[in-house]
Number of protein chains: 2
Amino acid sequence: MPADIPDLRTRPTPGSGEGTGAERRRTGRTGPDCVKCEARALSLCGALREEDLTRLDRVASQAEFVAHDLLVEEGEVAIHLFNVSSGLVKLYKLLSDGRRQITGFLGKGDFIGFPFARVNAYTAEAVTPVRGCRFSRPDLVRLMGEVPGLEHRLLASIGDTLAAAQEQMMLLGRKNARERLASFLILQAARQERGGYVGERVALPMSRTDIADFLGLTTETVSRTLTQLRKDRLIDILGTEAVVLRDREQLEIIAQA
Amino acid sequence: MPADIPDLRTRPTPGSGEGTGAERRRTGRTGPDCVKCEARALSLCGALREEDLTRLDRVASQAEFVAHDLLVEEGEVAIHLFNVSSGLVKLYKLLSDGRRQITGFLGKGDFIGFPFARVNAYTAEAVTPVRGCRFSRPDLVRLMGEVPGLEHRLLASIGDTLAAAQEQMMLLGRKNARERLASFLILQAARQERGGYVGERVALPMSRTDIADFLGLTTETVSRTLTQLRKDRLIDILGTEAVVLRDREQLEIIAQA
DNA sequence: CGGGACTTTGAGCAAATTCAACCATTGTGG
DNA sequence: CCACAATGGTTGAATTTGCTCAAAGTCCCG
């Protein structure tokens, strides 16, 4: 089973993007050119007419990030919104003592931010190199008044996010560690397929700590539980950044999906 | 401190509404008359012009429920959507083995359902007697295309719901029992205030089991933790359906809000 | 006054966490 | 070029938090 791992795995050269937490954007003012956007079909812009797309194009700019860059920060005044074109982003909230809850992972086609919220409800951090389409919030809000399909599209997208959040509440409130991991692996596989990848490898570009903070567990429990799933021949573990779902059916039963 | 308890506490006469899980609606086809709706300021309809309100009025009907009635059911095709006028509703999802996660409690002004979802993502059940405004889903979707403010309003409302869901994910994933209860009590107090109630009593019309299923705990832990908060003089417990937050500031610190 | 549902309290248990050590990979500097 | 430090991951032992099971208490009705 050779090179069928999605390019999520590629990490940036370290040292180039490591920092003190300061935001670190490589932003080109190169026009975004929505028309040939790779994520268009999945995105906000998917259903727009050529004419409206051009208007969207005018208020958008291309943005690139390396791992650990922050796209938006919890509690800050929301200036920009993003549409992810490629790469993986994690969203999280923090408690004052440092406990962290990752509320979601976003990939190609997903939307970051909420047009009507003056302040960001979460931090969005690049897990892998990320390319995205950046909008100024006021511009987008104005455009939403003018291009009806836009608001519609956004509403649908937020609806999906809300449904996912409710599913995750079920996981966090009522599932045990094994069920959480099974659910997570299936979720990752589904995301990957939605993004157009095929092949049996499921990429896990995020760290064990990230997985733990998403599932409401500790890294140790994540590690132990993955090992247990491997011993039960439900998965193969390929290094730390990919797995193979050997028995997806059984995993789905465990996940209680 | 006399009668300052919100009417949420009143329970229906038992026997009248107890059932096998079957839906049990008392629905009047009496016109809803949005114009004098008590929940209008908080609701979907809040910002509409008189003219649009009339159009909304035409696709809406008044609905009443007693405790344990189901307004919508998880997995069913979504026919109706609701706007709660009074009373308390719980939303939940079930796992096949009966484990339950309550994803939210809704009160005056809150919206139930999602216009673009063909199938309900959750069950909505009346906790107390509930009055609401009922919309046919296709009607509302059509109207959303015609009355621009409506979609806007709904988007804002879903955004709030999503923010609350993410907050709850933090609670479920990373807070301990004491922190969960403190958060919950403050949340209930805030809901009550938002609904226009004043006074120091916080009504808890839902059962301990409901609270447990909302907080990802068991009834026993809820009970024990409330007792502990009482012993620490942070709350008074008034029967099973109300508490007083004696030291709200401290509770907020515990809740890590 | 009695029955039933719900809540509280108690004791023992189990799942997941904490703390600690070890391992693997990778990049750095001698 | 290789030793070694640093980072992230895995494994183990002890601890803890919250759960399970059991029993008693309370409240609200009739």
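Residues numbered from 1 in each chain as written. Chains lettered and ligands numbered in written order. Predicted model: local features only at pLDDT ≥ 70, side-chain atom pairs only at ≥ 80, totals over all residues. Heavy atoms only, no water.

(A) Quick peek at the relation of the copies chain A and chain B. It takes a turn of 180° to lay chain A on chain B, together with a shift of 0.0 Å along the axis; the resulting RMSD is 0.0 Å. In symmetry terms, the pair is related by a two-fold rotation axis. Comparing interface residues between copies, 100% of those in chain A also sit at the interface in chain B, which points to an isologous, same-surface contact. (Least-squares fit on C-alpha atoms with pLDDT ≥ 70 in both. Contact = heavy atoms within 4.5 Å.)

(B) Fine view of the pattern of salt bridges. Scanning the model with the defined rule gives 32 salt bridges over all chains in all. Put simply, E193 of chain A and R248 of chain A hold a salt bridge, and the shortest N to O gap is 2.9 Å. One end of the pair, E193 of chain A, is in helix α4 (residues 177–194); the other, R248 of chain A, is in helix α7 (residues 248–255), and 55 residues separate them in sequence. The exposure class assigned to E193 of chain A is partly exposed, which follows from its relative accessible area of 43%. When its relative accessible area of 28% is taken as the criterion, R248 of chain A is described as partly exposed. Measuring nitrogen to oxygen at the nearest pair gives 2.9 Å for the salt bridge that ties K90 of chain B to D210 of chain B. Within this pair, whereas K90 of chain B is found in strand β5 (residues 89–94), its partner D210 of chain B is found in helix α5 (residues 208–215), the two being separated by 120 residues in sequence. (Salt bridge = Lys/Arg side-chain N within 4 Å of Asp/Glu carboxyl O. Helix = DSSP H or I, 4+ residues; strand = E, 2+ residues; numbered from the N terminus. Buried < 20%, exposed > 50% of the residue type's maximum accessible area, 1.4 Å probe, protein only.)

(C) A look at the interface of chain A and chain B. Taken together, the contact between chain A and chain B spans 41 residues of the former and 41 residues of the latter. Between chain A and chain B, a total of about 3,700 Å² is buried, with carbon and sulfur atoms accounting for 67% of that surface. Considering only the surface of chain A that becomes buried against chain B, L155, M169 and R174 of chain A emerge as the three largest contributors, covering 22% of it. On the surface where chain A and chain B come into contact, there are 6 salt bridges. A salt bridge links R174 of chain B to D213 of chain A, with the shortest nitrogen-to-oxygen separation between them at 2.7 Å. Mapped onto the side of chain A that touches chain B, the elements with two or more residues apiece are β5 (89–94), β6 (100–106), α3 (148–174) and α5 (208–215) of chain A. Residue contributions to the side of chain A that touches chain B peak at 18 residues, all from α3 of chain A. Residues belonging to the side of chain A that touches chain B are distributed by class as follows: 19 nonpolar, 12 polar and 10 charged. (Buried area = accessible area lost by both parts, 1.4 Å probe. Nonpolar A, V, L, I, M, F, W, Y, C, P; charged D, E, K, R; others polar.)

(D) Expanded view of the sheet that holds β5 of chain A. Residue and element names in this part refer to chain A. Pairing within the open sheet is antiparallel, and its 4 strands lie in the order β3-β8-β5-β6. Looking at the sheet topology across the chains shown, the edges are occupied by β3 (70–72) and β6. Going across the sheet, the axis of each strand differs from the next one's by a mean of 30°, ignoring polarity. Relative to strand β8 (residues 123–126), β3 runs antiparallel, the two sharing 2 bridges. Opposite L70, over in β8, you have E125 as the bridge partner. Packed onto the sheet, α5 meets β5 and β6 and runs at close to 100° relative to β6. (Pairing = 2+ DSSP bridges. Axes fitted to C-alpha atoms, helices over the stretch in contact; angles between N-to-C directions.)

(E) Examining the environment of L91 of chain B more closely. Residue and element names in this part refer to chain B. Topologically, L91 is positioned in strand β5. Taking the C-alpha atoms as reference, L91 lies 6.5 Å from E125; in sequence the two are 34 residues apart. Among all residues touching L91, those that are not within four sequence positions of it are Q101, I102, T103, G104, L106, Y122, T123 and A124.

(F) Just the packing of helix α4 (residues 177–194) of chain B against helix α6 (residues 219–231) of chain B, in detail. Residues and elements named next belong to chain B. Where α4 meets α6, the closest approach of the two axes is 10 Å, and the angle between their N-to-C directions is 80°. On the basis of the axis angle, α4 is roughly perpendicular to α6. Seen from α4, the contacting residues are A177, R178, L181 and L185; seen from α6, they are T221, V222, T225, L226, Q228 and L229. (Parallel < 35°, antiparallel > 145°, perpendicular 65-115°, else oblique.)

(G) Examining the protein's contact with DNA strand C more closely. Around DNA strand C, a shell composed of 15 residues is seen, among which A177 and T221 of chain A together with R208, R224 and T227 of chain B lie nearest. A breakdown of the atoms of DNA strand C within 4 Å of the protein gives sugar and phosphate a share of 63%. In this structure, T221 of chain A approaches DNA strand C through a side-chain N or O atom, which is 2.3 Å from a phosphate oxygen. Listing elements by their share of the surface near DNA strand C, those giving two or more residues are α6 (219–231) of chain A together with α6 of chain B. Top contributing element to the surface near DNA strand C by residue count: α6 of chain B, with 4 residues. By residue class, the composition of the surface near DNA strand C is 2 nonpolar, 8 polar and 5 charged. (Near = heavy atom within 4 Å. Polar contact = N/O pair within 3.5 Å; in protein donor to acceptor, adjacent residues only side chain to side chain.)

(H) Main features of the nonpolar core. Ranked by size, the top nonpolar core spans 111 residues in total, and within it F135, L150, F184 and L185 of chain A together with L150, F184 and L185 of chain B carry the most contacts. In this view, L150 of chain B contacts L44, L48, L56, L140, L143 and M144 of chain B; residues no more than four positions away in its chain are not counted. (Core = buried A, V, L, I, M, F, W, Y, C linked by side-chain atoms within 4.5 Å.)

(I) Quick peek at the packing of α4 of chain A against α5 of chain A. All names here are of chain A. It is the contact of α4 with α5, at a shortest axis distance of 11 Å, that shows an interaxial angle of 110°. Classified by the angle between their axes, α4 and α5 sit roughly perpendicular to one another. Judged by the twist between their axes, the crossing of α4 over α5 is right-handed. Listed contacts from α5 to R180, L181, F184 and L187 of α4 are I211, F214 and L215. (Left-handed = near helix turned anticlockwise from the far one by under 90°.)

(J) The arrangement of α4 of chain B in detail. Residues and elements named next belong to chain B. A rise of 1.5 Å per residue sets the reference length of α4, with its 18 residues, at 26 Å; its end C-alpha atoms lie 25 Å apart and thus fit the reference within 8%. All of the buried residues in α4 are E179, R180, L181, A182, S183, F184, L185, I186, Q188, A189, R191 and Q192. Phi turns positive, to about 100°, at G196, one or two residues after α4. (Expected span 1.5 Å × (residues − 1).)

(K) Region of the structure containing the sheet that holds strand β11 (residues 235–238) of chain A. Residue and element names in this part refer to chain A. Pairing in this open sheet of 3 strands is antiparallel, and the strands run β10-β12-β11 from one edge to the other. With one partner strand each, in any of the chains shown, β10 (201–203) and β11 form the two edges of the open sheet. Adjacent strand axes in the sheet meet at a mean angle of 30°, parallel and antiparallel pairs treated alike. With 3 bridges connecting them, β10 and strand β12 (residues 242–245) associate as antiparallel partners. Looking across to β12, one finds that A203 is bridged to A242.

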